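# What the coordinates show
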Amino acid sequence: PQNQSLGPWVTYQRQSYKKSLRGDASSNMTKDRIQLLNKVGFDWKSQNSQPWDIRYKELVSFVEVFGHTKVPQHFPPKPSLGYWVDRQRQSYKKFLKGNS
């Protein structure tokens, strides 16, 4: 790809925007930036993300076949399932620490 840093930057903008909506002071998203991004038609929702319940159903199917939730990071039948499971674990750890 020509600009490999664009994807992570877009993801960061979406995350900062969500933080700003929650009133999180760590967000560096300003009203001016939101206006500029809206002006160019920025899509605030990821086109590649699947709803949580769909990933959950994929995990249930995985457990039915393999008997555990240790989904490999690179699981060819569902390439992003391992990543999703890892993110759920990270979110749970933050939740336990009170950083949800």
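Everything in this summary refers to the structure shown in the same document. (Residues numbered from 1 in each chain as written. Predicted model: local features only at pLDDT ≥ 70, side-chain atom pairs only at ≥ 80, totals over all residues. Heavy atoms only, no water.)

### Section: the overall build of the chain
The condition that has to hold: Secondary structure is summarised from DSSP: a helix means a run of H or I of at least four residues, a strand means a run of E of at least two, and numbering begins at the N terminus for each. Radius of gyration here is computed from C-alpha atoms only, and the compact-globule reference equals 2.2 Å multiplied by the residue count raised to the power 0.38. Only protein chains enter the accessibility calculation, which uses a 1.4 Å probe. A residue is then buried if its area is under 20% of the maximum for its type, exposed if over 50%, and partly exposed in between. Between two residues, a contact is recorded if the distance between any of their heavy atoms is within 4.5 Å. All accessible-area figures derive from a Shrake-Rupley calculation using a 1.4 Å probe, and residue coverage is judged against the displayed protein chains alone. Charge counting treats Lys and Arg as positive and Asp and Glu as negative, with His and both chain ends excluded. All charge positions are set by atom: Lys at NZ, Arg at CZ, Asp at CG, Glu at CD.
Assigned secondary structure in the chain consists of four helices and zero strands. Along the chain, helices and strands appear, N-terminal first, in the series α-α-α-α. A globule of 100 residues ought to have a C-alpha radius of gyration of about 13 Å, yet the chain, at 17 Å, is considerably larger. Oriented by its inertia axes, the alpha-carbon framework of the chain measures out at about 50 × 40 × 20 Å. Burial status across the chain gives 21% buried among its 100 residues. Partitioning the intrachain contacts of the chain with sequence separation of at least 6 by distance along the chain shows that 31% fall at a separation of at least 24. Surface accessibility of the chain: about 8,300 Å² in total, with carbon and sulfur atoms responsible for 54%. Separation between the mean location of the 17 positive side-chain charges and that of the 7 negative ones in the chain comes to 4 Å.

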